[in-house]
Amino acid sequence: MQIHTTIESLRAARAGAGRTAFVPTMGNLHAGHIALMGQAREHADSVFASVFVNRLQFGAGEDFDRYPRTMQADCEKLEAAGVAHLFAPDESVMYPQPQRYFVAPAPAQTAILEGEFRPGHFDGMATVVLKLLNIVQPEVALFGKKDYQQLMIITNMVREFALPVRIVAGDTIRTDDGLALSSRNGYLSPEERAEAPRLHRTLARIRDAIRAGDHDLLKLETEAHAELAAHGWAPDYIAVRRRADLQPPAHMDDALVVLAAAKLGRTRLIDNLEI
Ligand code: PAF
């Protein structure tokens, strides 16, 4: 695997790489990322990945400083996963001057759910993703469904700006007890780790109830909220939404997804399940 720390080096490698699939990450790679790398290989001659912890998408008081940086281990995992090129710029490469131009996705998509609790997050995320796509210029780019709202915003950005890339979604990878893999799981104490799968179980209960014909969404969301709170969680939201735009469903035959974010101790976890 070749490691590129400059845009020039990355572009020179890209020029001879044939059909390219790209997986952007913030590092601290787990099996969910590695599954995306494997999926990427099915779409391309060469797989490119990036590791860049993007300051722009972290709010004040969030975990930018303590976000785990594990470059050596990440390189070994990427190499083993068959990634040909890693783009690992530092901030002086990605932001040689303070970024003044931002992608501002539609407020209807950024003021809800994650956006309500992480103001500015999606502007920073979309800005770096646009920049990374411009640098790598892949035919295909892959993003996990665990960040469902992020995936929707990127898909819409690509469509609305007519970017010449196809976005492919990767399924969420879970541990045996249901916890969605996330770099932030590493923040959990042993007791919190034992409790954490409740988030998935709570979402699964809502999914199963809706599939069984219970359409009282407010009741289901309220019960789920109470269940988490009773076990020491501080839920930000638990919401059943349309998959297409993450707005409240108008009809129960819309394709739906249930999404949640909740704090367990100092750790904020997110998860979702398609219904
Ligand atoms: O999902 C992530 O890891 C990040 O939001 C991304 C897409 C790499 C942009 O920084």
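Residues numbered from 1 in each chain as written. Predicted model: local features only at pLDDT ≥ 70, side-chain atom pairs only at ≥ 80, totals over all residues. Heavy atoms only, no water.

Draft legend 1. Main features of the packing of helix 1 (residues 7-15) against helix 7 (residues 121-136). The interhelical angle for the contact between helix 1 and helix 7, taken along N-to-C directions, is 50°, at an axis separation of 9 Å. It follows from the interaxial angle that helix 1 and helix 7 lie oblique. Facing helix 1, whose interface residues are Ile7, Leu10, Arg11 and Arg14, helix 7 presents Asn134, Ile135 and Val136. Split into classes, the residues belonging to the contact of helix 1 with helix 7 amount to 4 nonpolar, 1 polar and 2 charged. (Axes fitted to C-alpha atoms, helices over the stretch in contact; angles between N-to-C directions. Helix = DSSP H or I, 4+ residues; strand = E, 2+ residues; numbered from the N terminus. Parallel < 35°, antiparallel > 145°, perpendicular 65-115°, else oblique. Contact = heavy atoms within 4.5 Å. Nonpolar A, V, L, I, M, F, W, Y, C, P; charged D, E, K, R; others polar.)

Draft legend 2. Region of interest: the site of the ligand. In the vicinity of the ligand, the contacting residues are Pro24, Thr25, Met26, Asn54, Gln57, Met125, Val128, Val129, Phe143, Asp147 and Gln150. At 2.7 Å from an oxygen atom of the ligand is found a side-chain nitrogen or oxygen belonging to glutamine 57. Here the ligand has 290 Å² of accessible area as a free molecule, and 89% of this is covered by the chains. Mapped by element, the contributors of at least two residues to the shell around the ligand are strand 2 (20-25) and helix 7. The leading source of residues in the shell around the ligand is helix 7, at 3 residues. Broken down by class, the residue content of the shell around the ligand amounts to 6 nonpolar, 4 polar and 1 charged. (Near = heavy atom within 4 Å. Polar contact = N/O pair within 3.5 Å; in protein donor to acceptor, adjacent residues only side chain to side chain. Areas by Shrake-Rupley, 256 points an atom, 1.4 Å probe, with all protein chains shown as cover.)

Draft legend 3. Region of interest: the nonpolar core. In terms of nonpolar packing, the biggest core is built from 40 residues, with Met94, Val129, Leu133, Ile167 and Leu246 touching the most fellow members. Elements with a contribution of two residues or more to this core: helix 1, helix 7, strand 5 (140-144), helix 8 (148-160), strand 7 (233-242) and strand 8 (256-264). Of the residues forming this core, the biggest block, 9 residues, is contributed by helix 7. Not counting the four nearest positions on each side in its chain, isoleucine 167 is found in contact with Ala141, Phe143, Leu151, Ile154, Thr155 and Val158. Judged by nonpolar contacts, the second largest core, of 23 residues, contains Val240, Leu256, Val258 and Leu273. (Core = buried A, V, L, I, M, F, W, Y, C linked by side-chain atoms within 4.5 Å. Buried < 20%, exposed > 50% of the residue type's maximum accessible area, 1.4 Å probe, protein only.)

Draft legend 4. Summary view of the packing of helix 10 (residues 198-211) against helix 11 (residues 217-230). Axis separation between helix 10 and helix 11 bottoms out at 10 Å; the angle between their running directions is 160°. By the angle between their directions, the pair helix 10 and helix 11 is classed as roughly antiparallel. As for how helix 10 packs across helix 11, the hand of that crossing is right-handed. Listed contacts from helix 11 to Arg198, Leu199, Thr202, Arg205, Ile206, Ala209 and Ile210 of helix 10 are Leu217, Leu220, Ala224, Glu227 and Leu228. Considered class by class, the residues forming the contact of helix 10 with helix 11 number 8 nonpolar, 1 polar and 3 charged. (Left-handed = near helix turned anticlockwise from the far one by under 90°.)

Draft legend 5. Expanded view of the pairing of strand 9 (residues 267-274). The buried fraction of strand 9 amounts to 7 of the 8 residues, a majority that puts the element mostly inside the structure. Summarising the sheet, strand 8 and strand 9 pair through 8 bridges and their orientation is antiparallel. Looking across to strand 9, one finds that leucine 259 is bridged to asparagine 272. Turn length for the strand 8-strand 9 hairpin, with the two strands adjacent in sequence and antiparallel, is 2 residues, and the turn residue glycine 265 shows positive phi of about 60°. (Pairing = 2+ DSSP bridges.)

Draft legend 6. Summary view of empty space enclosed by the protein. The final tally for this structure, using the stated rule, is 1 cavity of 30 Å³ or more. Within this model, the largest cavity holds a volume of roughly 50 Å³. Forming the boundary of the largest cavity are Lys146, Leu179, Ala180, Ser182, Asn185, Leu199, Leu269, Ile270 and Asp271. A per-element tally of the lining of the largest cavity places strand 9 first, with 3 residues. Partitioning the lining of the largest cavity into residue classes produces 5 nonpolar, 2 polar and 2 charged. (1 Å grid on protein atoms, 1.4 Å probe; cavity = no way out; pocket = protein on both sides within 12 Å on 5 of 7 lines; lining within 4 Å. Points joined across faces, edges and corners; volume = space filled by probe spheres on them.)

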